[in-house]
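Architecture at a glance
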Amino acid sequence: MKNFFKIVFAVVVAVTLGRNAQAVPITGGIIFDGTATLNSNNIATATMVKSWGTNNVKSVSGTFLTFGSINLNDIVKLAPNWSFDSGALGKFWQVGGFTFNLADSSAISLVSGLLTIVLNGSVSGNGFDVTPFSGTVMIHGIPGTATVTFSDNFSFNPVTGTVPDGAMTVLLLGAALSGLALAKRKLRA
């Protein structure tokens, strides 16, 4: 009977440790805006950001609000020389201990001086698991003007779907069933 309690205790400890090892994704969203200098005086022919002006946090929710150190109007650091149709770019934006690593981006529309660009990548930081995120950037300008600084509006949210647990559930279930089978064997003996 003493061995039975040792086995049950071991299974309980394994299950408890397994729960703590599960993925903790970043939730919520972040919005910031500011200015950028493009590689063309005409938004219709621009293909990249040459440099950023000051960009500030305008709204946060979820993990960014409750577990981050992000406040409204915090300055967002952005990677320079970003092509609208780019591949991977590490540390694309950083604020409050969170980092967005860009996987890819592409310009999807230019309508009435509003260029919309979609970005895909992942956010990490502050002890949370790397979480897939997507976002949009809307750069405002008037085609044909000499203005090279445009307002931008960044909006990022987690990619919806389930977060894999790295097969931890199957491992724990197998350990629990093995423990129970061993306990049953011990009781019969």
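Procedures and definitions
Residues numbered from 1 in each chain as written. Predicted model: local features only at pLDDT ≥ 70, side-chain atom pairs only at ≥ 80, totals over all residues. Heavy atoms only, no water. Helix = DSSP H or I, 4+ residues; strand = E, 2+ residues; numbered from the N terminus. Contact = heavy atoms within 4.5 Å. Phe/Tyr/Trp six-rings, centres within 6.5 Å; stacked < 30°, edge-to-face > 60°. Buried < 20%, exposed > 50% of the residue type's maximum accessible area, 1.4 Å probe, protein only. pLDDT = per-residue confidence, 0-100. Core = buried A, V, L, I, M, F, W, Y, C linked by side-chain atoms within 4.5 Å.

1. Concerning the environment of F128
Topologically, F128 is positioned in strand β8 (residues 128-140). Through-space distance from the C-alpha of F128 to that of F98 is 9.3 Å; in sequence the pair is 30 residues apart. Sequence-distant contacts of F128, that is, excluding residues within four places in its chain, are made with V24, P25, I26, T63, F67 and F98.

2. As for the packing of aromatic side chains
Taken as a whole, this structure holds 16 aromatic pairs when the rule is applied. Seen in terms of ring centroids, F32 and F156 are 6.1 Å apart; in terms of plane orientation they differ by 15°. Their pairing is stacked. Here F156 lies in strand β9 (residues 149-158) and F32 lies in strand β1 (residues 30-38), a separation of 124 residues in the sequence. Each of the two residues, F32 as well as F156, counts as buried. Between W52 and F92, the ring centres sit 6.5 Å apart and the planes meet at 85°, which makes this aromatic pair edge-to-face.

3. Quick notes on the confidence of the model for the protein chain
Per-residue pLDDT for the protein chain averages 77, and the proportion of residues at 70 or more is 66%. Low pLDDT, under 50, characterises residues 162-173; the predicted model gives this stretch ten contacts beyond four residues in sequence or across chains.

4. Points about the nonpolar core
Where a protein is soluble and globular, its nonpolar side chains tend to be buried together. Membership of the largest hydrophobic core comes to 33 residues, with the highest contact counts inside it found for I30, F64, W82, F92 and W93. Counting residues per element, the ones that place at least two in this core are β1, β2 (48-60), β5 (89-95), β6 (98-111), β7 (114-125), β8 and β9. In this structure, W82 is in contact with M48, V49, W52, L89, F92, L102, S105, I117, L119 and V137, ignoring residues within four places of it in sequence.

5. Some remarks on the side chain of T99
Tracing the chain through its elements places T99 in strand β6. In contact with T99, not counting residues within four places along its chain, are K91, W93, Q94, S122, V123 and S124.

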